Amino acid sequence: MSVVHPAYGVLRAVTPTASVMLEDNPGSMTLDGTNTWILRAPGQAESIVVDPGYEDVEHLTRVAACGPVALILITHHHPDHVQGASWLAERTEAPIRAFDPGLCRDAKPLAHAETVTAAGLDLQVLHTPGHTDDSICLQLDDAVLTGDSILGRGTTVISSLGHYLDTLRLLTTIPDATVLPGHGAELPDLGTVAAEYLAHREQRLDQVRNALVQLGPDASARQVVELVYADVDKSLWGPAEWSVQAQLEYLRSS
Ligand SMILES: [Zn+2]
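What you see is a predicted model, and the numbers here were worked out from it, not measured in a lab.

> Sorry if this is basic, but what is going on with the overall build of the protein chain here?
Check the secondary structure of the protein chain and you find seven helices and eleven strands. Here the C-alpha atoms of the protein chain give a radius of gyration of 19 Å, agreeing with the 18 Å that 2.2 N^0.38 yields for 254 residues. Taken along the three principal axes of its C-alpha coordinates, the protein chain extends 60 × 50 × 35 Å. In the protein chain, the proportion of contacts linking residues at least 24 apart, taken out of those at least 6 apart, comes to 53%. Surface summary for the protein chain: the accessible area is close to 11900 Å², and the carbon and sulfur share equals 53%. Counting 15 positive and 33 negative side-chain charges, the protein chain places the averaged centre of each group 3 Å from the other.

Below you can see the structure in the form of structure tokens.
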């Protein structure tokens with residue numbers, strides 16, 4: 001007999017305009033699963049769906065059952081966010097918009113600082129590269145949908161550290177916003193979370209800088225890991241090496 005997570009398949013209101021439907025796809029990268037956000041203005045029938053998740057028909061059927069969909073938005077190109085978008089678009093006849101033109105359907109790509117107006121809602125688009133080049137955040141009233149740029153817990157995988165640090169600096173300037181993440185639970189204050197992430201990343205960069213002083217400027221990622229992560233379980237050295245490699249690239253290019 002399988003145990004069903006109580007949150008799966010249940011639409012949960014988080015703010016007056018944002019509710020979440022958790023997809024049943026838990027994993028090391030997806031935490032409890034993908035958060036599909038359903039945004040609806042008070043008194044409106046139509047909604048905006050952000051990140052339909054995988055092509056998981058059971059999940060998508062539940063999302064479609066929440067009412068008519070005016071627009072589907074995608075926070076970035078990873079399949080746990082976008083794969084089910086075409087299925088939902090066909091079912092609901094809603095266009096799909098994303099920063100990456102290749103993901104769009106019957107609509108143009110999103111632009112930084114654009115205001116998206118649909119289903120009686122206004123959303124501000126923020127281009128926030130770092131997790132991926134095409135990552136965006138969406139500001140809605142006193143909340144920000146952060147995709148995988150900021151998760152409900154832990155740290156996110158990064159493709160460009162330089163871009164990610166710039167993104168964190170941008171997010172620290174948004175005051176008093178609830179974080180509505182792509183995975184994990186909502187968080188009370190985006191500015192505080194982004195500042196903590198930034199401090200954490202800068203502390204790690206300082207450790208790598210100090211390691212290079214000891215090891216010499218041409219040290220390998222592995223050598224840095226063996227020094228900086230000496231007191232950390234060796235099973236974590238593999239992932240740490242990827243992150244140190246990104247830090248070395250950043251330090252050597254700046
Ligand atoms: Zn994801």
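> So what exactly am I meant to see when it comes to the sheet that holds strand 11 (residues 178-181) here?
Think of a sheet as strands paired side by side through backbone hydrogen bonds, with each pair either parallel or antiparallel. Taken in spatial order, the five strands line up as 7-8-9-10-11 in an open sheet, and their pairing is mixed. In the strand order of this sheet, the two ends are held by strand 7 (115-118) and strand 11, each with one partner. For this sheet the average axis-to-axis angle between neighbouring strands, irrespective of direction, equals 25°. Alignment of strand 7 against strand 8 (residues 121-127), held across four bridges, turns out to be antiparallel.

> Just checking my understanding: could you explain the coordination of the zinc ion for this structure?
Under ideal tetrahedral coordination, the four donors around a metal are separated by 109.5 degrees; under ideal octahedral coordination, the six donors are separated by 90 or 180 degrees. The protein atoms that coordinate the zinc ion are Asp80 (OD), His81 (NE2), Asp148 (OD) and His183 (NE2), at distances spanning 2.0 to 2.2 Å. If you look at the zinc ion, its four donor atoms make angles of 86 to 164° with each other, and the shape they trace is irregular.

> Which parts of the structure should I look at to understand the pattern of salt bridges?
Opposite charge on two side chains permits pairing when their charged atoms draw close. For the structure shown, the criterion picks out ten salt bridges. As a salt-bridge pair, arginine 222 and glutamate 241 come within 3.3 Å of each other at their nearest N and O atoms. Here the residue arginine 222 occupies a position in helix 6 (residues 221-228), and glutamate 241 occupies one in helix 7 (residues 237-253), the gap between them amounting to 19 residues. For arginine 222, a relative accessible area of 35% puts it in the partly exposed group. Bridged by salt links that share partners, the residues Asp166, Arg169 and Glu202 form one connected network.

Rules used throughout
- Residues numbered from 1 in each chain as written.
- Predicted model: local features only at pLDDT ≥ 70, side-chain atom pairs only at ≥ 80, totals over all residues.
- Heavy atoms only, no water.
- Helix = DSSP H or I, 4+ residues; strand = E, 2+ residues; numbered from the N terminus.
- Rg over C-alpha atoms; globule rule 2.2 N^0.38 Å.
- Contact = heavy atoms within 4.5 Å.
- Areas by Shrake-Rupley, 256 points an atom, 1.4 Å probe, with all protein chains shown as cover.
- Lys, Arg positive; Asp, Glu negative; His and termini not counted.
- Charge placed at Lys NZ, Arg CZ, Asp CG, Glu CD.
- Pairing = 2+ DSSP bridges.
- Axes fitted to C-alpha atoms, helices over the stretch in contact; angles between N-to-C directions.
- Donors = N, O, S within 2.8 Å, 3.2 Å for Na, K, Ca; no water.
- Tetrahedral: all angles 85-135°; square planar, octahedral: opposite > 155°, others 65-115°.
- Salt bridge = Lys/Arg side-chain N within 4 Å of Asp/Glu carboxyl O.
- Buried < 20%, exposed > 50% of the residue type's maximum accessible area, 1.4 Å probe, protein only.

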